[in-house]
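A closer look at the structure
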Amino acid sequence: MTVHGFPASYAGQHLQIAIVGRGFSGLMMAIALMKSVSQPFQLRMFDPQPVISGGQALATARATEILNSRARDLSVSTGEPRDFTRWLQAYQHFREAVSAAIPGFGQIFVPKAIFSDYVYQRFSEALAERTDVSIQMSHEAITRIRRNETGRFTLGLADGSEAAYDTVVLATGYGLKVPPEGKEQDTEAALRNPSIRARHVVVMGNGLRAVNQVLQLRDGGFEGRITILSRRGFLPQPHTRMPADAVCPSQPMPSQLRHIVRFVRKACAQAEENGWSWQAAMNGLRKRARTLWASLPPSEKRQFNRHLRAIYDSHRNRLPADVHERLERELAGGMTELKRGTTLKRSPDGLIVRWAGQSTEEHFAADEVIDCRCLSPDLNDPVVADLLRAGLASTDELDLGLAVNPAGELLTPCGRPAGLFAIGPLGLGSLPDIDLVPEIVTQAYTAATLINARSRPQLQAG
Ligand SMILES: Cc1cc2nc3c(=O)[nH]c(=O)nc-3n(C[C@H](O)[C@H](O)[C@H](O)COP(=O)(O)OP(=O)(O)OC[C@H]3O[C@@H](n4cnc5c(N)ncnc54)[C@H](O)[C@@H]3O)c2cc1C
């Protein structure tokens, strides 16, 4: 077994950091480290994906795919909330590319590809400014993480080798479950084939991915029937056309779920009465979501997940107004239908489904089934499962993801920080909305500041 990492001349002198995963969370963490860690350091970023793809949110971006967050919420620069909008103003292709522009840069929705360009530019600028930082991209998957006797972390690589680091950041998001290479393109090519154009496609799910998929099928020329198959049947709600700045009710939030639901309804109704919008009230309430979630007992958290999660998600992950109108036209046109039912299993020519309100199973024929159900952290992922077995991590109360504090530090079963970090969706059960860009940005900088503070005594002692 070889032990490799950074060049031997550096070993022991510079802080050595590993980031596992090069999706948005991984890239964001790298930017935050370069901006926050004052010591020279060496960073290695692991991901078996052959390209630096930007992960699930940006990887498959086509020119027409619009991000669902307003430009004003997408800065990757801490303390400079207008960094992205300033960058946009200087971006020459911006005006042609933005289809949903309204006056005021901050309110617009931009294509994913533009956001991706911005993130990469900020990443390379941060690197150019740090001549004392070296970054190595590795195409190996990580299979195992262990703390060794010196307190460092040893990563097991898929090729059987090992490498040791002072700090390890997991940014593995939704895991390695990506479609086999070429599968997405195969599906799209098949759907453009005239022999199946008049046929039936089922899109499983009801979130942003499902809506994106339906609209992409139409953009790609598919003229057949589409069924959006969803357990609860709540599709994403629209953003307002005008800014929906957060409005927060002045009254204290109640602490029991049933009172909270009433409180939220009232706050939304009041916002509408006062000439704002329910979206503005939701934006305000979301600012309290983290404290509120932490205060709920496990039984109420479970109740929320069972009965309210789907409604909450459809109101928090909103579609730009133009895209929402397009979805409504699509549904009104009759060739796309939303059906409520639970998928029990796939069959060679469709699905076995239990329709909402019925107790019997039924075969639902489809020429193609595309799974766009909400992604969640995979606790059976080998690395995650191994960390749990080794006691270096624990799950949150509901087993939705890994237990983390706001800085993304993994918590051991006795609630102590394990010295490892998990940025982004892996912490979804502990921190509501940590799968969204603004929350990931804040968490990455909090983690990087902590790593900076901890690296000082360690380097001085070394
Ligand atoms: C379609 C879509 C649209 C979205 N739109 C928005 C939006 O408009 N606004 C917003 O705020 N948020 C949006 N999001 C949400 C947000 O951007 C995502 O939560 C974010 O992309 C998560 O990124 P990630 O890097 O944590 O995870 P991922 O994108 O899943 O990346 C994880 C990476 O880790 C790698 N990996 C996994 N396991 C290993 C391993 N063992 N070893 C090495 N590498 C590994 C994977 O190969 C992958 O590349 C969207 C998400 C999706 C899917």
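Note that this is a predicted model, so its numbers are computed, not measured.

1. Points about the pairing of strand 5 (residues 153–157)
In terms of residue burial, strand 5 counts as a mostly covered element, since 5 of its 5 residues are buried. Side chains of strand 5 alternate between two faces, with Phe153, Leu155 and Leu157 and Thr154 and Gly156 buried alike. As defined by bridge partners, strand 4 (residues 142–147) adjoins strand 5 across 5 bridges and the pair is classed as antiparallel. Paired with Arg144 across the bridge in strand 5 is Gly156.

2. Remarks on the environment of Leu402
Assignment of secondary structure puts Leu402 in the loop between helix 13 (382–389) and strand 14 (409–411). Sequence-wise, Leu402 and Thr412 are 10 residues apart; in three dimensions their C-alpha atoms are separated by 9.7 Å. Apart from the residues lying within four places of it in its own chain, the contact partners of Leu402 are Leu379, Val384, Leu388, Ala393, Ser394, Thr395, Asp396, Leu410, Leu426, Gly427 and Ser430.

3. Here we look at the nonpolar core
Most often, soluble globular proteins have nonpolar side chains that are buried together. Judged by nonpolar contacts, the single largest core of 45 residues is most densely connected at Met29, Leu33, Phe84 and Phe115. For this core, the secondary-structure elements that each account for two or more residues are strand 1 (15–20), helix 1 (24–36), strand 2 (41–46), helix 3 (83–89), helix 5 (112–129) and helix 14 (437–461). In terms of residues, this core owes the most to one element, helix 1, which gives 9 residues. Apart from the residues lying within four places of it in its own chain, the contact partners of Leu33 are Ile17, Ile19, Phe41, Leu43, Arg130, Ala448 and Ile451. Among the nonpolar cores identified, the runner-up in size contains 28 residues, and Leu155, Leu379, Leu420 and Ala422 belong to it.

4. Side note on the sheet that holds strand 5
Two orientations exist for strands paired in a sheet by backbone hydrogen bonds: parallel and antiparallel. On the basis of which strands lie adjacent, the open sheet formed by 3 strands has the order 4-5-6 and antiparallel pairing. Single-partner strands in this sheet number two, and they are strand 4 and strand 6 (162–165). Pairwise comparison of adjacent strand axes, ignoring direction, gives a mean angle of 25° for this sheet.

5. A look at the packing of aromatic side chains
The final tally for this structure, using the stated rule, is 10 aromatic pairs. Between Phe84 and Trp87 the ring centres are 5.9 Å apart and the planes differ by 15°, which places this aromatic pair in the stacked class. With a gap of 3 residues between them, Phe84 and Trp87 both fall in helix 3, about one helical turn apart. Considered together, Phe84 and Trp87 belong to a single accessibility category, that of buried residues. Look at Trp293 and Phe304: their rings are 5.7 Å apart centre to centre, the planes differ by 70°, and that puts the pair in the edge-to-face class.

6. Some remarks on the sheet that holds strand 14
The 6 strands lie next to each other as 3-2-1-7-15-14, forming an open sheet whose pairing is mixed. With one partner strand each, in any of the chains shown, strand 3 (133–138) and strand 14 form the two edges of the open sheet. Strand-to-strand twist of the sheet, defined as the mean angle between neighbouring strand axes without regard to direction, takes the value 30°. Taken together, the 2 bridges between strand 7 (residues 167–170) and strand 15 (residues 417–422) define a ladder with parallel strand orientation. For Leu170, the partnering residue across the bridge sits in strand 15 and is Ala422.

7. Points about the packing of helix 9 (residues 278–286) against helix 11 (residues 298–316)
Taken N-terminus to C-terminus, the directions of helix 9 and helix 11 make an angle of 110°; their axes are 10 Å apart at the nearest point. Considered as vectors, helix 9 and helix 11 are oriented roughly perpendicular to each other. Remark: the crossing between helix 9 and helix 11 carries left-handed chirality. Packed against helix 9, whose contacting residues are Trp278, Met282 and Arg286, the element helix 11 presents Tyr312, His315 and Arg316 at the interface. Residues belonging to the contact of helix 9 with helix 11 are distributed by class as follows: 3 nonpolar, 1 polar and 2 charged.

8. Section: helix 5
Relative to the 26 Å expected for 18 residues at 1.5 Å per residue, helix 5 spans 26 Å between its end C-alpha atoms, a close match to the ideal helical length. Residues of helix 5 that are buried include every one of Lys112, Ile114, Phe115, Ser116, Tyr118, Val119, Arg122, Phe123 and Ala126, and no others.

9. Thoughts on the confidence of the model for the protein
Taken over all residues, the pLDDT of the protein has a mean of 86, while the share at 70 or more is 86%. Taken as a whole, residues 1–11 scores under 50 in pLDDT and shows 25 contacts with residues more than four places along the chain or in a different chain.

10. With respect to helix 11
Under the 1.5 Å per step criterion, the end-to-end length of helix 11 is only 22 Å for 19 residues, more than 12% shorter than the ideal 27 Å. Leu308 marks the point of greatest bend in helix 11, at about 70°. Every buried residue of helix 11 is listed here: Glu300, Lys301, Phe304, Ala310, Tyr312, Asp313, Ser314 and Arg316. Close packing links the buried residues of helix 11 with helix 8 (257–273), helix 9 and helix 10 (289–295).

Cut-offs applied
Per chain, residues are indexed from 1 in the order of the written sequence. Selection of residues for local features in this predicted model requires a pLDDT of at least 70, selection of side-chain atom pairs for listing and counting requires 80 or more, and totals for whole chains, interfaces and linings are taken over all residues. Based on all heavy atoms of the structure, the side-chain values leave hydrogens and waters out of the count. Relative accessibility decides the category of a residue: with a 1.4 Å probe and only protein chains considered, values under 20% of the type maximum give buried, values over 50% give exposed, and everything between is partly exposed. In DSSP terms, a helix is any run of H or I states spanning at least four residues, a strand is any run of E spanning at least two, and both are numbered starting from the N terminus. For two strands to pair, DSSP has to find at least two bridges joining them. Any two residues having at least one pair of non-hydrogen atoms within 4.5 Å are treated as being in contact. By convention a nonpolar core is built from buried Ala, Val, Leu, Ile, Met, Phe, Trp, Tyr and Cys residues, the set being connected through side-chain atoms within 4.5 Å. With axes taken as lines fitted to C-alpha atoms, and helix axes fitted only over the stretch in contact, angles between N-to-C directions fall between 0 and 180 degrees. To pair, rings of Phe, Tyr and Trp, with the six-membered ring standing in for Trp, must have centres within 6.5 Å; the planes then decide the type, stacked if under 30 degrees apart, edge-to-face if over 60, and tilted in the middle. In what follows, roughly perpendicular refers to angles from 65 to 115 degrees, roughly parallel to angles under 35, roughly antiparallel to angles over 145, and oblique to any angle outside these ranges. We call a crossing left-handed when the near helix sits turned anticlockwise from the far one by less than a right angle, and right-handed when that turn is clockwise. The classification used treats Ala, Val, Leu, Ile, Met, Phe, Trp, Tyr, Cys and Pro as nonpolar, Asp, Glu, Lys and Arg as charged, and all other residues, Gly among them, as polar. Given the number of residues in a helix, its expected span is that number minus one, multiplied by 1.5 Å. Each residue carries a pLDDT score, the predictor's confidence in it, ranging from 0 to 100. Across the chain, bend at a residue is computed as the angle between axes fitted to the seven residues ending at that point and the seven starting from it.

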